[in-house]
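# Survey of secondary and tertiary structure
Okay, here's what each chain looks like letter by letter:
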Amino acid sequence: SQTIHQWPATLVQPVGSPLSLECTVEGTSNPNLYWYRQAAGRGLQLLFYSVGIGQISSEVPQNLSASRPQDRQFILSSKKLLLSDSGFYLCAWSPRTSGPRGQYFGPGTRLTVT
Amino acid sequence: QQQVKQSPQSLIVQKGGISIINCAYENTAFDYFPWYQQFPGKGPALLIAIRPDVSEKKEGRFTISFNKSAKQFSLHIMDSQPGDSATYFCAGGMNSGYSTLTFGKGTMLLVSP
């Protein structure tokens, strides 16, 4: 079965510090990968998605960037965090198959920027 | 931007009652409609999903009703339990290269004992 991991689970960082969040997927190959941010415990905002190694698409211009160095690894980064970057960051994957299909979310990282 | 509108924002149901959450979509290209359940501090979990060629899908106490002509779909939770208390998200999706999903803003469900 497929498993998605995210770390760290929680993170407290000062304004202006760098950020690196990691996501890995097990049990599948060539997944589509996604980064979402959820603010105030509610709506899901798609930040980035990737359909393959080195292929990143950005949905929202912001202070963040994403990279996919390996097939099942997705990294979210920032050079200098802002207070507004605080939130719950979720990684998700979907299978690379034809037809409509759901996305499967990881456990999330709670980021607090102080 | 094509949206998925979800209502109500919050819902309180007594134990044993029926919880009903409604969603309306605009994009007629959507061909996949999942529901997600999220507990506090956890990632959303895929609960149940439906394709537009089916008017209803039932899995245990959870049922999706789908009205293609009205572009609406709803989640019914029968015999609601306190353990069902969570935030529920509906979404609409298309068969594209990366599995596009447009999410509703969520409904916080509280099932009182």
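Summary of the structure given here. (Residues numbered from 1 in each chain as written. Chains lettered and ligands numbered in written order. Predicted model: local features only at pLDDT ≥ 70, side-chain atom pairs only at ≥ 80, totals over all residues. Heavy atoms only, no water.)

All right, on to the pairing of strand E8 (residues 72–77) of chain B then. Residues and elements named next belong to chain B. Burial analysis of E8 places five of its six residues in the buried class, the great majority of the element. Bridging between strand E3 (residues 19–25) and E8 involves six bridges; their strand directions are antiparallel. In the strand pairing of E8, Asn22 is matched with Ser74. As paired strands, strand E7 (residues 62–67) and E8 are joined by six bridges and run antiparallel to one another. Paired with Thr63 across the bridge in E8 is His76. Counting the residues that bridge the hairpin from E7 to E8 gives four residues, and of these Lys71 lies at a positive phi of roughly 55 degrees. (Buried < 20%, exposed > 50% of the residue type's maximum accessible area, 1.4 Å probe, protein only. Helix = DSSP H or I, 4+ residues; strand = E, 2+ residues; numbered from the N terminus. Pairing = 2+ DSSP bridges.)

Any aromatic ring pair is given by two values, namely how distant the centres are and how the planes are angled relative to each other. Scanning the model with the defined rule gives 17 aromatic pairs over all chains in all. Arranged with centres 6.5 Å apart and planes meeting at 35 degrees, the rings of Tyr34(A) and Tyr36(A) form a pair that is tilted. By the burial criterion, Tyr34(A) is buried, and Tyr36(A) matches it. Between Tyr36(B) and Phe103(B), the ring centres sit 5.6 Å apart and the planes meet at 55 degrees, which makes this aromatic pair tilted. Taken together, the positions of Tyr36(B) in strand E4 (residues 33–38) and Phe103(B) in strand E10 (residues 100–103) put the pair 67 residues apart, joining distant regions of the chain. Judged on exposure class, the residue Tyr36(B) and its partner Phe103(B) are both buried. Put simply, the rings of Tyr25(B), Phe30(B), Phe33(B), Trp35(B), Phe66(B) and Phe73(B) touch in pairs and so form one group of aromatic residues. (Phe/Tyr/Trp six-rings, centres within 6.5 Å; stacked < 30°, edge-to-face > 60°.)

Read these as layout, nothing more, since geometry by itself doesn't imply function.
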